[in-house]
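Tertiary structure, described
Here is what each chain is made of, one letter per residue.
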Amino acid sequence: MSVLRSLVLFVLAALAEIGGAWLVWQGWREQRGLWWIAAGVVALGCYGFVATFQPDANFGRILAAYGGVFVAGSLGWAMVVDGFRPDRWDLAGAALCLLGVAVIMYAPRGGGLEGQ
């Protein structure tokens with residue numbers, strides 16, 4: 001259950017961060033206005049809180065692992081929202097990032113220095 005909760009939180013964090021950044025982009029670069037920017041700032045603020053609900057107590061580990069989710073999520077967002085079509089190297093890179101997430105967050109940890 002802890003892994004499932006963690007994965008859901010990573011997805012929520014990605015939606016908040018990527019969506020917030022996209023809203024700011026739309027408001028500023030696409031000149032949609034201050035309301036879009038404000039909504040983006042709120043979403044980015046929500047992203048800042050989501051990580052605090054992760055079951056792991058190590059901020060550095062969570063943020064490092066989230067980086068991989070962000071990479072894959074950004075490509076997914078671009079595909080769905082902006083019609084971007086990633087090439088095989090984009091997909092391979094995203095897969096490597098997600099593998100990194102799995103190793104960083106969910107590898108079994110034992111005692112000793114290697115487990116810390």
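Look up: the structure comes first, before these words.
A brief report on the enclosed structure follows. (Residues numbered from 1 in each chain as written. Predicted model: local features only at pLDDT ≥ 70, side-chain atom pairs only at ≥ 80, totals over all residues. Heavy atoms only, no water.)

Looking at the overall build of the protein chain
Rules: What counts as a helix is a DSSP run of H or I of at least four residues, what counts as a strand is a run of E of at least two, and both are numbered from the N terminus. All tallies of charge rest on Lys and Arg as positive and Asp and Glu as negative; His and the ends of each chain are not included. Taken as the charge centre is NZ of Lys, CZ of Arg, CG of Asp or CD of Glu, depending on the residue.
A count of helices and strands for the protein chain gives four helices and zero strands. Listing each helix as α and each strand as β along the protein chain from the N terminus yields α-α-α-α. Along the three orthogonal principal directions, the C-alpha set of the protein chain runs to about 55 × 35 × 25 Å. Put simply, the protein chain has 7 plus and 7 minus side-chain charges, and the middle of one group is 3 Å from the middle of the other.

Here's the deal with helix α4 (residues 88–106)
Spelled out, the test is: In a helix, the anticipated span is given by 1.5 Å times the number of residues less one. It only takes one pair of heavy atoms within 4.5 Å for two residues to be counted as in contact. Pairing of N or O atoms within 3.5 Å defines a polar contact, subject to two protein rules: one partner must be a possible hydrogen donor and the other a possible acceptor, and residues neighboring in sequence count only if both atoms are side-chain atoms.
Taking 1.5 Å per residue, 19 residues should reach 27 Å; α4 reaches 26 Å between its end C-alpha atoms and fits that length. Turning to α4, the residues buried within the fold contact α1 (2–28) and α3 (59–82). The backbone nitrogen of Trp89 lies 3.0 Å from a side-chain oxygen of the residue at the head of α4, namely Asp87.

A few points about the environment of Arg61
You can see Arg61 is positioned in helix α3. Counting along the chain gives 49 residues from Arg61 to Leu12, while the straight-line C-alpha distance between them is 17 Å.

With respect to helix α2 (residues 34–50)
Put simply, the rule is: The classification of residues rests on relative accessible area computed with a 1.4 Å probe and restricted to protein chains. Under 20% of the type maximum is buried, over 50% is exposed, and intermediate values are partly exposed. It is the directions from the helix axis to the C-beta atoms whose arc is reported.
In a regular helix each residue adds 1.5 Å, so 17 residues correspond to 24 Å; α2 covers 25 Å between its end C-alpha atoms and thus fits that length. Three or more residues of α2 are buried, namely Ile37, Gly40, Ala43, Tyr47 and Val50. In an axial view of α2, the angular spread of the buried residues amounts to 130 degrees, which keeps them on one side of the axis. Exposed and oriented more than 90 degrees from the buried face of α2 are Leu34, Trp35, Val41, Val42 and Phe49. Contacts made by the buried residues of α2 are with α1 and α3.

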